[in-house]
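# A closer look at the structure
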Amino acid sequence: MNCEDLINMKQIKDGMKLIAGEKGIRRNIRWIYFADCIQCLKDDFNLVELIHGGELVIVTNERLTDNDEKIIDMIKVMNKKEIAAFVINEGQISKRVKDYCNEIELPLYELSVNLHLIDLSQIVCKALVEEESNINSRERILSTILYSEHLQVEDVLEQAKYIGINLSGEQRIIVMDINENKNLGEGKFMKIQDKIKKDMESEVSFYGLKKLVTLSQSNYIVVLLPLNIFSNEILTSILKKIIKKVESIYKISLKVGVGTAYEYIEDLKKSYQEAKSAIDISNIMTNGEKIYFYESLGIYSLITQINNGKFLDSYVESKIGKLIKMDKMQEGDLCDTLETYLEHNCNANATSEALFIHRNTMRYRMDKIKKILDDDINNMSVLLELKLAFAIKHYRDRRDG
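Quick notes on the rules
- Residues numbered from 1 in each chain as written.
- Predicted model: local features only at pLDDT ≥ 70, side-chain atom pairs only at ≥ 80, totals over all residues.
- Heavy atoms only, no water.
- Helix = DSSP H or I, 4+ residues; strand = E, 2+ residues; numbered from the N terminus.
- Rg over C-alpha atoms; globule rule 2.2 N^0.38 Å.
- Contact = heavy atoms within 4.5 Å.
- Buried < 20%, exposed > 50% of the residue type's maximum accessible area, 1.4 Å probe, protein only.
- Pairing = 2+ DSSP bridges.
- Axes fitted to C-alpha atoms, helices over the stretch in contact; angles between N-to-C directions.

Attention now goes to the overall build of the chain. In terms of helices and strands, the chain carries 16 helices and ten strands. By the compact-globule yardstick of 21 Å for 401 residues, the chain is too spread out, its C-alpha radius of gyration being 28 Å. Taken over the C-alpha atoms alone, the chain extends approximately 90 × 55 × 35 Å along its principal axes. For the chain, long-range pairs separated by at least 24 residues make up 69% of all intrachain contacts whose partners lie at least 6 apart in sequence.

What follows is the structure in C-alpha cells.
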C-alpha cells in the first residue's frame, strides 16, 4: 500500500487531501504513528527511537503544528528514517511547511475534522492487514510454482485468479542477489529485503501492475513478471533505479539475473533456474554489469546446461591443463597471460599494456605458452576452444567455491 492508494480509498477519500509532496506519492505505508504523545512534545525527546520507516505520521496537537520550527524539525528527522507521509489537521498547515514537504518530496495530507482519527486508524490498519495477507498468498503461489514436485496447474491458476493475479501469457522470473553486509545482522537484513520488495512494487505499479508476486529466499528476492508489460528495456530501467538506490542508501551490492519468459506456468521452474544461473555467471564476468539476461549470455548459458561436472573438468584439463600445472609448479602467470591475450583479440601490445609487462616479457611468455600447449593458438578453432576452457574453469571454480 502506498500513498497514492491512500487517497484513492473510498472510505477516506473525502476526509484527506494531498496538499504537498506529490512527487513522493509512491512511498510505501507500513503502519500508522500518532506523534501527539506527551514525549513528542518534549524538546529533548529523540524521535528516532520510535520511527522505523514507512510510517504514516499523524500530528493534530496545536502545540506542535503552531510551531513551524518544531514541525519542520520533526519532519526532517522522520524523513531521514524514510517515513511514508505526514498528516496534519486542516487549518493547521502553514505555507512554510507545505513548501518544505514539496522540497523533500514528502506527501503531506490535510485531515478534515469530519474524518475521525479512530475511523482513519481502523480503515488504514485493516487495509494494511489485508494487504499483508494478500502478499503472503502471493508468496505461497510462487513457492508452489517453483518448488512443487507435482504441480497442480489448474489449482494454482484458480488460487491466483481468486487473489487478483493474472498468470496468463508469457511470464518470467528474476532473481535479485543481495551481497549481504556481514555487519548488518539478520533483522536489519530482512528489513532491507522488505524495502527492496516495496521499492520494486512501487516501480512496477507505475506501469499498471498493482500486485507484484515476490518471494524472499536467503540472500535472494525472487520476482515473477509478465513479459507483455515489462520488455527488456523497461525492466532494465526499473532494475537500474532499484540497484542505484540500494547501493547508495544501504551500501550493499545488488545483482540481478533474468530468466527466459515462458507461456506455461509449469515452465517457470526453468526460468527460475536460468535466472540463478545468470547470477552464477555474473560472478565470473569482469564487465562490471549488474543485470544479466540469461538469453544474452551466449556461450555461458550453454555451459550451465551441462550437468556433468566431470565432463567439464576433463575439457578444461585437455585444453589448458598443462598451463595450470606449470603455473602451480613455478608460481607463474601463463594462464593469466593467455586469457588476457584472448580478451584483447590476440593483440600482444594491448595485452602487455593490460598486464603492465614489457613487450619482451610478453613475447617470452607467449613463446612458452605455445611450446607447452603444442598447438597453433592463432588458429580460430583453437582460440575458441581456449576461450571456452577458461570460461568453464571460472564457472566451475565459482560453483566449487
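What follows concerns the pairing of strand E3 (residues 55-59). In terms of burial, E3 is largely enclosed, as five of its five residues are buried. Side chains Glu55, Val57 and Val59 project from E3 onto one buried face, and the interleaved Leu56 and Ile58 project onto a second face that is buried too. Sheet topology places strand E2 (residues 31-34) next to E3; four bridges connect them, and they run parallel. Following the sheet pairing, isoleucine 32 is matched in E3 by leucine 56. As defined by bridge partners, E3 adjoins strand E4 (residues 85-89) across four bridges and the pair is classed as parallel. If you follow valine 57 over to E4, its bridge partner there is phenylalanine 86.

What follows concerns the sheet that holds E4. Reading across from one edge, E1-E5-E4-E3-E2 is the order of the five strands in this open sheet, with mixed pairing throughout. Strands at the two margins of the open sheet, each flanked by one partner only, are strand E1 (16-20) and E2. Between one strand axis and the next, the sheet turns by 30 degrees as a mean value, whatever way the strands run. Strands E1 and strand E5 (108-111) of the sheet are contacted by helix H5 (residues 95-104), whose axis makes an angle of about 75 degrees with E1. Against the sheet, helix H6 (residues 117-147) makes contact with E1, E2, E3 and E5, and its axis sits at roughly 155 degrees relative to E2, the strand it touches most.

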